[in-house]
Amino acid sequence: TSVEAQTASRFGFTPIPVQTDGTVHVPEGYTWAPVARWGEPLFSDAEELSQETGMSVTSSDRVFGENTDGMEAFVVDGRQVIAVNHEYVNPRENLPHQDGEVLSADDVLTLQNMQGVTVMEVAEGDDGWAIVVDSDLNRRITQNTPMTIAGPAAGHPLLQTPDDPAGTTVLGTMNNCGAGKTPWGTYLTCEENFNGYFGSTDPAFALPEDYVRYGISLEGRYAYEKFDARFDVSQNPNEPHRFGYIVEIDPTDPTSTPIKHTALGRFKHENAAAVIAPDGRVVVYMGDDERGEFLYKYVSNDVYTPGGPTSALLDDGQLYVAKFNNDLTGEWLALTPEATGMDEAEIAIYTRMAASAVGATTMDRPEWVAVNPVAAEGYCCLTNNSDRGVAPNAGGDETPVNGPNPRAENDYGQIVRWYPSNDDHGARTFTWDLYVMAGNPTVHSDAYGGSSNINEGNLFNAPDGMQFDSTGLLWIQTDGDDDNEGDFAGMGNNQMLAGDPMTGQIERFLTGPKGSEVTGLTWSADKRTMFVGIQHPAAPFPDGEGMLPRSSIVAVKRVDGAMVG
Ligand code: FEO
Ligand code: CA
Ligand code: CA
Ligand code: CA
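Values in this document were obtained by computation on a predicted structure and should not be read as measured data. (Residues numbered from 1 in each chain as written. Chains lettered and ligands numbered in written order. Predicted model: local features only at pLDDT ≥ 70, side-chain atom pairs only at ≥ 80, totals over all residues.)

K.L.:
Explanation requested: the overall build of the protein in the structure shown.
P.N.:
Within the protein, the regular secondary structure consists of eight helices and 28 strands. Radius of gyration (C-alpha) of the protein: 22 Å, near the 24 Å computed for a compact globule of 565 residues. Overall, the protein is about 70 × 55 × 50 Å in size when its C-alpha atoms are taken along their principal axes. Here the protein, with 565 residues, has 54% of them falling under the buried criterion. Sequence-distant contacts in the protein: of pairs separated by 6 or more residues, those separated by 24 or more amount to 61%. (Helix = DSSP H or I, 4+ residues; strand = E, 2+ residues; numbered from the N terminus. Rg over C-alpha atoms; globule rule 2.2 N^0.38 Å. Buried ≥ 20, exposed ≤ 12 C-beta atoms within 10 Å, placed from the backbone. Contact = placed C-beta atoms within 7 Å.)

K.L.:
So what exactly am I meant to see when it comes to the environment of Trp184 here?
P.N.:
Tracing the sequence through the fold places Trp184 in the loop between β9 (176-181) and β10 (187-191). Among the residues examined, Trp184 registers 17 C-beta atoms within 10 Å and is labelled partly exposed. Along the backbone, Trp184 and Gly413 are 229 residues apart, and their C-alpha atoms lie at a distance of 33 Å.

K.L.:
I keep staring at the pairing of strand β20 (residues 414-420) and nothing clicks. Help me out?
P.N.:
Regular strands place their side chains on alternate faces of the sheet. Within β20, six of the seven residues are buried, which leaves it mostly tucked inside the rest of the structure. The pairing of β20 with strand β21 (residues 429-437) spans seven bridges and is classified as antiparallel. By the bridge assignment for β21, Ile415 is matched with Val436. (Pairing = 2+ DSSP bridges.)

K.L.:
I keep staring at the environment of Val117 and nothing clicks. Help me out?
P.N.:
Looking at the secondary structure, you find Val117 in strand β4 (residues 116-125). On a C-alpha basis, the gap between Val117 and Gly65 in space is 7.5 Å, while along the polypeptide they are 52 residues apart.

K.L.:
Sorry, what's going on with the sheet that holds strand β24 (residues 495-499) here?
P.N.:
Note on sheets: strands pair through backbone hydrogen bonds, and any given pair is parallel or antiparallel. Read from one edge of the open sheet, four strands run β22-β23-β24-β25, paired in antiparallel fashion. Every interior strand has two partners, whereas the edge strands, β22 (463-468) and β25 (506-511), have only one. Neighbour-to-neighbour, the strand axes of this sheet turn through a mean angle of 25°, independent of strand direction. Pairing geometry for β22 and strand β23 (residues 474-478), over four bridges, is antiparallel. Bridging from a neighbouring strand, Pro463 pairs with Thr478 of β23. (Axes fitted to C-alpha atoms, helices over the stretch in contact; angles between N-to-C directions.)

K.L.:
How should the pairing of strand β17 (residues 329-334) be read in this particular structure?
P.N.:
One ladder, built from five bridges, connects strand β16 (residues 317-324) with β17; its direction is antiparallel. In the strand pairing of β17, Tyr320 is matched with Ala334. Counting the residues that bridge the hairpin from β16 to β17 gives four residues, and of these Leu328 lies at a positive phi of roughly 70°. As paired strands, β17 and β21 are joined by three bridges and run antiparallel to one another. Its bridge partner lying in β21, Gly330 is registered against Phe430.

K.L.:
Where do I start with the environment of Ala498 in this structure?
P.N.:
Along the chain, Ala498 turns up in strand β24. Residue Ala498 is classed as buried on the basis of its 22 C-beta neighbours within 10 Å. For Ala498 and Arg10, which are 488 residues apart along the polypeptide, the C-alpha to C-alpha distance reads 9.9 Å. Setting aside its immediate chain neighbours within four residues, Ala498 contacts Phe11, Leu473, Leu474, Trp475, Glu507 and Phe509.

K.L.:
Can you help me understand the nonpolar core in this one?
P.N.:
A general trend in soluble globular proteins is that nonpolar side chains are found buried together. Grouped together as the largest cluster of nonpolar side chains are 139 residues, with contacts concentrated most on Ala83, Val284, Val321, Phe531, Val532 and Val556. The contact partners of Val284, leaving out residues within four places of it in the chain, are Leu264, Ala272, Ala273, Ala274, Lys297 and Tyr298. (Core = buried A, V, L, I, M, F, W, Y, C linked by C-beta atoms within 7 Å.)

K.L.:
I would appreciate a short explanation of the sheet that holds strand β1 (residues 30-37) in the present structure.
P.N.:
Within the open sheet, the four strands sit side by side as β1-β28-β27-β26. Their pairing is antiparallel. Edge positions in the sheet fall to β1 and β26 (517-523), since each of these pairs with one other strand and no more. Adjacent strand axes in the sheet meet at a mean angle of 30°, parallel and antiparallel pairs treated alike. In this structure, β1 lies alongside strand β28 (residues 552-558), joined through seven bridges in antiparallel fashion. By the bridge assignment, Ala36 is partnered in β28 with Ile553.

K.L.:
Is there a simple way to think about unusual backbone geometry in this case?
P.N.:
At the junction of Ala539 and Pro540, the peptide bond is cis and its omega measures out at 0° in the coordinates. Along the polypeptide, Pro540 turns up in the loop between β27 (529-535) and β28. Residue Pro542 follows Phe541 across a cis peptide bond; omega there is -10°. For Pro542, the location among the structural elements is in the loop between β27 and β28. The phi angle at Arg365 is positive, at roughly 60°, despite the residue not being glycine. Tracing the sequence through the fold places Arg365 in the loop between α8 (351-357) and β18 (366-371). Although it is not a glycine, Asn484 sits at a positive phi angle of roughly 65°. Tracing the chain through its elements places Asn484 in the loop between β23 and β24.

K.L.:
Teacher, can you tell me more about helix α3 (residues 105-113) here?
P.N.:
Side chains three or four residues apart in an α-helix point the same way, a direct result of the helix having 3.6 residues per turn. Counting buried positions along α3 yields seven of nine residues, so the element is predominantly enclosed. Regarding α3, the residues found buried are Asp107, Val108, Leu109, Thr110, Leu111, Gln112 and Asn113. As for α3, its buried residues are in contact with α2 (91-94) and α5 (224-227).

What follows is the structure, encoded as structure tokens:
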């Protein structure tokens, strides 16, 4: 075959133009259809979503949650199961009868119930993919589901509260953004902007220094603190220390207790990309999505053996933070007591401060990390940075232009790639390059025009979600400015593109509806269906005129039934 034919087959689709309308577009020869939308019953006792009043409090934890985000698919006893995050809520749509105002404890509980995680069986019938209602594998995990705290911070005085004096059991997981999958078949859900759920009913409450670095303020985003004392920091000052972790969920057992793994650090976790090092140790790459924060990796002390014990693999290990040098080399700096002046529990709780202490490289908002399944390399989306040079929060580091973050006003974002030494993800050193710098060559002729693999036909901004498929193609999802004007002219709605790691070629595959972010990607067991998340679309996606907008997972297939990844 010719080089051209190989290139064509590498992508398997004809790239599509940008769109500015209210629906999803895929290439010719592909179809899409909704699989699950906010408020859709997981159990037959759930009431239908009301266009006037949203979801009732009693049904709010019996339905598919709000703002679909990271997801992973599993096969359980031959059945297909998707575990998926519900990152946050959209009160105007969730409480439409009161214009989004949170007025009661029931309102708070409704919102808490629609966030967290859904585990659901899905099946493909004559009408396409759908939730298997009442499957015994279906489960909602909410902001009130009991979970165990494990790792170095478990039981530490900073995690003890009046309701949990032992500091080992916490209610709920929140702001579940990106996801991951362990080699042993469990789901990892990542707590990102947990800070926004806390507030104080006492306006004179003095914010502790560690709150400031993590962005915890006197006023919560959804007024939880007024109706649920757990979120009132003047009454429960340690509750925020119990969030900002990665949580492991067993999708095969709906009665299992989720585990918060504090050894993976506490920050605004984006996702978790797990890979096995050549010696069998488990490596988990993780981004902290805030301007001027860092890229991390965790390496287990013990090794993974298929079928062997896994219980300590995410609790006993070493956390590292990335230092990128301008000469295209880099180093993983170990967050040890010696290097940080903090004990193991403090490193797990105050991870941002530990990373600052060792001189990690400040980054342009590390979003998803993806590891190439067919080559020893990792990728991280650095989505953008609107305020270079301003410390992200009081107590954060200065954020000068540096190697992997080369542009002062970074509206567009870039994807950094690293090659671990000796092809070993457990190695302490690496070399790096930029896979792509997004930009707009129709507006700018300098670095803001983007790297050489950006052209008029593949414009995008703010790379965010990212997954490799089994063939080694890199799928990139965006969460950017979709006004299609000025610096963003010609970029259209948020989208999903595919990138060839070898050639750098990037082509547009899917566009989302206006207002939405495209986030979350996984595949059916036979790889003939791609599941894509559409978060916070504008009305009336996908139900039609006059209907509330509903974040949805859509299924994308080839008309000829061939594989899509
Ligand atoms: Fe929830 Fe950083 O995206
Ligand atoms: Ca994201
Ligand atoms: Ca984002
Ligand atoms: Ca989002």
